[in-house]
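A look at the structure
Take a look at the letters that make up each chain.
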Amino acid sequence: MANTPIPVAILTGFLGAGKTTLLNFLLKDPFLSDAAVIINEFGDVGIDHLLVERSDENVIELASGCLCCTIRGDLIDTIHDLLARRGRGEIKAFNRMVIETTGLADPAPVLHSVMSEPGLLATCRLEGVITVVDAFNGMATLDAHPEAVKQVAVADRIVLTKVDLLVGREGEDMLFAIIARLRKLNPAARLLTTHRDEATAERLFTMGLFDPRTKTVDVQTWLAAEAYETGEKRGRRNKQAHAHDHDHHHHDVSRHDEHIRAFSFSEVNAISPQGLELFLELLKSYHGANMLRMKGIVKVSDDPTRPVVLHGVQHVFHPPVRLPAWPDKDERTRLVFIVKDIEKPMIEGLFRAFTDQITGGAEAFTDKTLSLNR
């Protein structure tokens, strides 16, 4: 944390959701004046009227001060090139990167690139995911495309576009329905709209993990564990109501949504460094493909006063980051998960096994876990 890694945000959303319009709006925001924005093609974004000067054939500076760069070939090469030019002083210094994933239905490959490339880990950290959803066509898109459901599930921020198209009583019902569905899929994501310019850059990019201005971690904002707990309770309470709704609507939510689960749990007892390592290895080995997102702050027994921050997407994890102290008064381990076809007791029980909270210890529970996954 001492070196203040550059936060990297991913802007995603299914085709036609309105990423281009949102990005064009955000590029004018002074909040991004010290940011580097990586997009697939300049032709996809109407920014010609914002150009100030061309730094080279690939990087331009906008009127707002931020840099825009096209992806030429590999994303990692593009990021390395930007960082090298920044280091040599060839382009202005930037303190944030935004990667727009036009044409990529699944954000996981981009997330993996940022989180696993050895050359980037010392410089960059994944800040979060912003997913754009079309309020008018969103229900049909989520019904038809499991990739769109996944984009929503892994998001830290969800931006609803085209809300102005929802008019009258029918439009109001459509808006309530899409919001309820998004809340069910991802109860912790902050939900904003492009209506009346509500989705500003500051609201979208202050996600709590790495703030270059304060150089601190806002774990409460980043984890939003209370929202997961509330979502679990609401889900149990409304399970029968949701089943009734499915019988009376054309949208077959159960096709994709019912496979996604979002939950959290906490633990007052510390876990050993070896136990934490084995826990993460088991998660990656046996649940990696279906573990869409995992975030947490963990009390480790070798130094309970200095917790470890964890961040994973499927089988890829950032190297654990040790904080100098607990960022708030709550000194419990807090873990949040968004998963596909995995029940909460399986992961919670596995973790508690390594804190000796299950009779028989970690070895017995691990044997049970492995047998269930064969």
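Attention here is on the structure that accompanies the text. (Residues numbered from 1 in each chain as written. Predicted model: local features only at pLDDT ≥ 70, side-chain atom pairs only at ≥ 80, totals over all residues. Heavy atoms only, no water.)

Examining the overall build of the protein
Summing up its helical and strand segments, the protein has 14 helices and 15 strands in all. Within the protein, the proportion of its 374 residues that are buried is 52%. Taking the intrachain contacts of the protein between residues at least 6 apart in sequence as the baseline, contacts between residues at least 24 apart amount to 73%. When the accessible surface of the protein is split by element, carbon and sulfur atoms take 50% of a total near 16,800 Å². (Helix = DSSP H or I, 4+ residues; strand = E, 2+ residues; numbered from the N terminus. Buried < 20%, exposed > 50% of the residue type's maximum accessible area, 1.4 Å probe, protein only. Contact = heavy atoms within 4.5 Å. Areas by Shrake-Rupley, 256 points an atom, 1.4 Å probe, with all protein chains shown as cover.)

A few points about the pairing of strand 10 (residues 260-267)
By the criterion of burial, strand 10 is predominantly enclosed, with seven of the eight residues buried. Strand direction decides the pairing type here: strand 10 and strand 15 (residues 333-340), joined by eight bridges, are antiparallel. Residue S264 lies in a different strand from strand 15, and its bridge partner there is V336. (Pairing = 2+ DSSP bridges.)

Some remarks on the nonpolar core
Most often, soluble globular proteins have nonpolar side chains that are buried together. Grouped together as the largest cluster of nonpolar side chains are 65 residues, with contacts concentrated most on I10, F94, M97, I99 and L182. Looking at this core element by element, the count peaks at five residues for helix 2 (residues 75-88). In contact with M97, not counting residues within four places along its chain, are I6, P7, V8, A9, A36, I38, I79 and C124. (Core = buried A, V, L, I, M, F, W, Y, C linked by side-chain atoms within 4.5 Å.)

Observations regarding the pattern of salt bridges
Tallied over the full model, the rule gives 21 salt bridges. Where R352 meets E267, a salt bridge forms, and the shortest distance between an N and an O atom there is 2.1 Å. Of the two residues, R352 sits in helix 13 (residues 344-353) while E267 sits in strand 10, which places them 85 residues apart along the sequence. Using a relative accessible area of 4% as the deciding quantity, one classes E267 as buried. One network of salt bridges, in which partners are shared, links D328, D330, R332 and R334. (Salt bridge = Lys/Arg side-chain N within 4 Å of Asp/Glu carboxyl O.)

Some thoughts on the environment of L62
As for its placement among the helices and strands, L62 is situated in strand 4 (residues 59-62). On the basis of relative accessible area, L62 is assigned to the buried category, the value being 1%.

Some words on the packing of aromatic side chains
Enumeration according to the criterion identifies four aromatic pairs in this entry. Between F265 and F337 the ring centres are 6.0 Å apart and the planes differ by 15 degrees, which places this aromatic pair in the stacked class. In this pair, F265 is assigned in strand 10 and F337 in strand 15, connecting sequence segments 72 residues apart. Using a relative accessible area of 0% as the deciding quantity, one classes F337 as buried. Residues F265 and F351 carry aromatic rings whose centres are separated by 6.0 Å and whose planes lie at 55 degrees to one another, so their mutual orientation is tilted. Separated by 86 residues along the polypeptide, F265 in strand 10 and F351 in helix 13 bring together distant segments of the chain. Just as F265 is buried, F351 falls in that class too. Grouped by ring-pair contacts, the aromatic residues F263, F265, F279, F337 and F351 constitute a single cluster. Positioned above the aromatic ring of F94 is the side chain of R86, whose terminal nitrogen or guanidinium carbon lies 5.2 Å from the ring centre. (Phe/Tyr/Trp six-rings, centres within 6.5 Å; stacked < 30°, edge-to-face > 60°. Lys NZ or Arg CZ within 6 Å of the ring centre and 35° of its normal.)

Describing the pairing of strand 1 (residues 6-13)
Of all eight residues making up strand 1, eight are buried, and the element is well covered by its neighbours. Burial along strand 1 is two-sided: I6, V8, I10 and T12 facing one way and P7, A9, L11 and G13 facing the other are all buried. When strand 1 meets strand 7 (residues 124-134), the two strands line up parallel, connected through eight bridges. Looking at the pairing, T12 lines up with T131 of strand 7. Note that strand 1 and strand 6 (residues 96-100) share four bridges and pair parallel. Among the inter-strand pairings, A9 is bridged to a residue of strand 6, identified as V98.

Here's the deal with the environment of E127
If you trace the backbone, E127 turns up in strand 7. Remark: the alpha-carbon pair of E127 and D156, spanning 29 residues in sequence, is separated by 9.1 Å. Looking at E127, its side chain comes within polar contact range of the side chain of R96, at 2.8 Å. (Polar contact = N/O pair within 3.5 Å; in protein donor to acceptor, adjacent residues only side chain to side chain.)

Focus on the packing of helix 12 (residues 273-287) against helix 13
Helix-helix packing is described using two parameters, namely the angle between the two axes and the distance between the axes. Contact geometry of helix 12 with helix 13 gives a least axis separation of 10 Å together with a crossing angle of 150 degrees. If you check the angle between helix 12 and helix 13, you find them roughly antiparallel. Considering the relative orientation of helix 12 and helix 13, their crossing is right-handed. Residues F279, L282, L283 and H287 of helix 12 lie in contact with helix 13, whose contacting residues are M346, I347, L350 and F351. (Axes fitted to C-alpha atoms, helices over the stretch in contact; angles between N-to-C directions. Parallel < 35°, antiparallel > 145°, perpendicular 65-115°, else oblique. Left-handed = near helix turned anticlockwise from the far one by under 90°.)

Concerning the side chain of H112
For H112, the location among the structural elements is in helix 3 (residues 108-116). On the basis of relative accessible area, H112 is assigned to the buried category, the value being 15%.

Details of unusual backbone geometry
Positive phi, close to 55 degrees, is recorded for R196, a residue that is not glycine. Of note, R196 is situated in the loop between strand 9 (190-193) and helix 8 (201-205). The phi angle at D197 is positive, at roughly 55 degrees, despite the residue not being glycine. Position of D197 among the secondary structure elements: in the loop between strand 9 and helix 8.

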